[in-house]
Amino acid sequence: MPAADAGLGGGGAQGGGAARAPDARRDEPDAVGDGVAGADGGGARGHAVGGADGGGAEDAAVVQVREPAARRGVQGEGRVPRGGEAGAGGGALALAARENGIAAHIVMPTISVPQKIAATKGYGANVVFSGSTSVEREEAAARVIAETGARLVPPYDHPDIMLGQGTVGLELQDQVAEMMAAAASKSGMGGAAKGLDAIMTPCGGGGMLSGVALSCEGTGIRVFGAEPSYQGADDGKRGYYAGARVPSVSTLTVADGLRTPVGAHPWAVIYERRLVAGMYSVTEEEIVAAMRLVLERCKMVVEPSACVPLAVALFDEEFRGMVEREAGEGGWDLGLVFSGGNVGVDAIGSMFGGTKEA
């Protein structure tokens, strides 16, 4: 099975963006997301754009806020913690707020990766720590809002966030189409180049997975979600096949960006509209093995959460068997989204220092 013809992903494009409906033009976005606003809802418009390494929503952030909204500040939730929210998304919000003279309060779990905390503080945000579950995070966010009057910018459970992250799917489709057309032209085969058969993304709160699913609607591209299985972190998979969303998760999986339950808005796209074709999960050992492969062969620095889709493609026999049955000998051209680069040298050393290559 050709496992990874494309593995480009902009992790956590927070705020405005466009996800394509079946007939929508790409140069006419369907929606522009509300990025930050004051408590009076004073007409804030904003967006942050993630970089191609999956962890770089800090690469560009644009926020426009009218007075008196700017005086109230903004408050962002870092999920538990998510590369692209508490990491890149929290940093993007902090940077955008600083550039516009707005106070930013970012709620992050105490167990967040130190590099995420340092980066967010470095952009001038007031970091407020919470417990490790989504309930504790939401309670901390509510206290900050009550004390400051700031407006909440959710990390994943909002249509605008889903649409913003869905641009990952649009860009991936465009890049793969160009790559395949160039390869066909070089080989002299000519004709229309075939695009991707499927895309798989990591799934934590489901913002990216649901957004990518929307971007692929009507294209014939199947979309799958990938989760860690450790301590019940595969809530999306369990809920998908049981027919009911799992509202809470408590796990210390090494894929720390995926320690949160799927939100209600993403669930409506993933399950209720059936725009996601299936959910799969992998073990801690399989995630680390996939991360080793990315580091040593691809020379890419990514966090464990980003490697979960690759681990599914490499090790999940149920997924591989399904592809063999449905695709035959030709296999699939599968696009993998690597989202999240929030990992430090010390963490990499602790993960691989005492292990031997398989």
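Residues numbered from 1 in each chain as written. Predicted model: local features only at pLDDT ≥ 70, side-chain atom pairs only at ≥ 80, totals over all residues. Heavy atoms only, no water.

Novice: Please clarify how the environment of Ala140 should be interpreted in this entry.
Specialist: In this fold, Ala140 is placed in helix H4 (residues 134-148). Given the relative accessible area of 1%, Ala140 is considered buried. Placed 12 residues apart in sequence, Ala140 and Val128 show a C-alpha to C-alpha distance of 7.7 Å. When residues no more than four places from it in sequence are discounted, the contact partners of Ala140 are Val107 and Ser130. (Helix = DSSP H or I, 4+ residues; strand = E, 2+ residues; numbered from the N terminus. Buried < 20%, exposed > 50% of the residue type's maximum accessible area, 1.4 Å probe, protein only. Contact = heavy atoms within 4.5 Å.)

Novice: Help me out: how do you make sense of helix H7 (residues 235-242) in this one?
Specialist: An α-helical turn contains 3.6 residues, so a residue and the one three or four places further along point in the same direction. Of all the residues in H7, the buried ones are Asp235, Gly236, Gly239 and Tyr240. Viewed end-on, H7 has its buried residues packed into an arc of 125°, placing them on one side of the element. Elements that come into contact with the buried residues of H7 comprise strand E8 (222-228), helix H8 (264-272) and strand E9 (278-282). Just past H7, the residue Gly243 takes up positive phi, approximately 85°. (Arc of directions from axis to C-beta.)

Novice: Teacher, can you tell me more about the packing of aromatic side chains here?
Specialist: The relative placement of two aromatic rings is captured by the distance of their centres and the angle of their planes. A complete count under the given rule lists seven aromatic pairs for this structure. Residues Phe224 and Tyr280 carry aromatic rings whose centres are separated by 6.1 Å and whose planes lie at 55° to one another, so their mutual orientation is tilted. Taken as a pair, Phe224 in strand E8 and Tyr280 in strand E9 lie far apart in primary sequence, 56 residues in all. Ring plane angle 75° and centroid distance 5.2 Å describe the contact between Tyr280 and Phe319, whose orientation is recorded as edge-to-face. Of the two residues, Tyr280 is situated in strand E9 and Phe319 in helix H11 (residues 317-327); the sequence distance between them amounts to 39 residues. (Phe/Tyr/Trp six-rings, centres within 6.5 Å; stacked < 30°, edge-to-face > 60°.)

Novice: Help me understand the packing of helix H10 (residues 308-315) against H11 in this model?
Specialist: In a packed pair of helices, the relevant descriptors are the angle between the two axes and the axis-to-axis distance. Where H10 contacts H11, the axes come no closer than 6 Å and their chain directions differ by 65°. By the angle between their axes, H10 is roughly perpendicular relative to H11. H11 is crossed by H10, and the crossing has right-handed handedness. In this structure, H10 contributes Val312, Ala313, Leu314 and Phe315 to the contact, and H11 contributes Glu317, Phe319 and Arg320. Of the residues that constitute the contact of H10 with H11, the class distribution is five nonpolar, no polar and two charged. (Axes fitted to C-alpha atoms, helices over the stretch in contact; angles between N-to-C directions. Parallel < 35°, antiparallel > 145°, perpendicular 65-115°, else oblique. Left-handed = near helix turned anticlockwise from the far one by under 90°. Nonpolar A, V, L, I, M, F, W, Y, C, P; charged D, E, K, R; others polar.)

Novice: When you look at the side chain of Ser281 in this model, what are you seeing that I'm missing?
Specialist: Note on placement: Ser281 falls in strand E9. A distance of 3.3 Å separates a polar atom in the side chain of Ser281 from a polar atom in the side chain of Lys237. Residues within four places of Ser281 in sequence aside, it is in contact with Glu227, Pro228, Ser229, Asp234, Lys237 and Asp316. (Polar contact = N/O pair within 3.5 Å; in protein donor to acceptor, adjacent residues only side chain to side chain.)

Novice: Would you explain the pattern of salt bridges in this entry?
Specialist: Using the criterion set out here, one finds seven salt bridges in the structure. Its salt-bridge partner being Glu99, residue Arg98 comes within 3.3 Å of it at the nearest N-O pair. Take Arg98: its relative accessible area is 43%, and that puts it in the partly exposed class. A residue is classified by how much of its surface remains accessible, and Glu99, at 56% relative accessible area, is exposed. (Salt bridge = Lys/Arg side-chain N within 4 Å of Asp/Glu carboxyl O.)

Novice: Could you clarify how one ought to interpret the sheet that holds E8 in this entry?
Specialist: Strands in a sheet are paired, the pairing made by backbone hydrogen bonds, and the direction either parallel or antiparallel. One open sheet holds the four strands; their spatial order is E9-E8-E7-E10, and the pairing between them is parallel. Each edge of the open sheet is held by one strand with a lone partner, namely E9 and strand E10 (334-336). Strand after strand, the sheet turns through a mean of 25° between neighbouring axes, direction not considered. Bridge analysis of E8 against E9 gives five bridges, and the strand direction is parallel. Residue Phe224 lies in a different strand from E9, and its bridge partner there is Gly278. Against the sheet, H11 touches strand E7 (198-202), E8, E9 and E10, its axis set at about 165° to E8. (Pairing = 2+ DSSP bridges.)

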